[in-house]
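# Descriptive analysis of the structure
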Amino acid sequence: STENPAAAAAATATIPTSNSSSLDAQKFSKRLKDQFREQIGLFREGVYLITGLKVDMNMDPANPDAIRFKVRSMYNERESDHLELLWRKNKKKHGHGHGHGHGKRASPR
């Protein structure tokens, strides 16, 4: 099946109403978190089995608007060999082409 199991679980879950107790809301939240954690783990395992790459994503403590990706290959000679990338989530875009040039883009004719 091509359906996302986490999305299916979320769609069929009973959403607590305002009359529900705080405990029901906490159980619902925990169940969703557990489902997403499980699906993320399956996705990561699939990426590793298909590509041979382990990808870890962490917040950058020095910059809350950035995420660090650490990529390791199963073929590395040493476990410590890795590629690290920094993604700035809120980077402002200036025009087209990675901020180079500030003129208007010509429209195709």
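How each quantity is defined
Residues numbered from 1 in each chain as written. Predicted model: local features only at pLDDT ≥ 70, side-chain atom pairs only at ≥ 80, totals over all residues. Heavy atoms only, no water. Phe/Tyr/Trp six-rings, centres within 6.5 Å; stacked < 30°, edge-to-face > 60°. Helix = DSSP H or I, 4+ residues; strand = E, 2+ residues; numbered from the N terminus. Buried < 20%, exposed > 50% of the residue type's maximum accessible area, 1.4 Å probe, protein only. Contact = heavy atoms within 4.5 Å. Polar contact = N/O pair within 3.5 Å; in protein donor to acceptor, adjacent residues only side chain to side chain. Salt bridge = Lys/Arg side-chain N within 4 Å of Asp/Glu carboxyl O.

## Observations regarding the packing of aromatic side chains
Applying the stated criterion across every chain, the model contains 1 aromatic pair. An angle of 35 degrees between the planes, with centres 6.3 Å apart, marks the rings of Phe69 and Trp87 as tilted. One end of the pair, Phe69, is in strand E2 (residues 63-73); the other, Trp87, is in strand E3 (residues 83-88), with 18 residues separating them in the sequence. Residue classification places Trp87 among the partly exposed positions, given a relative accessible area of 47%.

## Re the environment of Arg44
Along the chain, Arg44 turns up in helix H2 (residues 22-51). Given the relative accessible area of 39%, Arg44 is considered partly exposed. When the C-alpha positions of Arg44 and Lys54 are compared, they lie 7.2 Å apart, and in sequence the two are 10 residues distant. Look past the residues within four positions of Arg44 in its chain and what remains in contact with it is Val55 and Asp56. In this structure the side chain of Arg44 is engaged in a polar contact, spanning 3.1 Å, whose partner is the backbone oxygen of Val55.

## With respect to the pattern of salt bridges
Close approach of charged atoms lets side chains of opposite charge pair. All told, the structure shown has 8 salt bridges when counted by the stated rule. Across the salt bridge formed by Arg44 and Asp56, the nearest N and O atoms sit 2.4 Å from each other. With Arg44 in helix H2 and Asp56 in strand E1 (residues 53-60), this residue pair connects regions lying 12 residues apart in the sequence. Note that Arg68 and Asp60 form a salt bridge whose closest N and O atoms lie 3.5 Å from each other. Residue class for Asp60 comes out buried when judged on its relative accessible area of 8%. The structure contains a network of salt bridges with shared partners spanning Arg44, Asp56, Arg72 and Glu79.

Nothing here speaks to function; it is geometry throughout.
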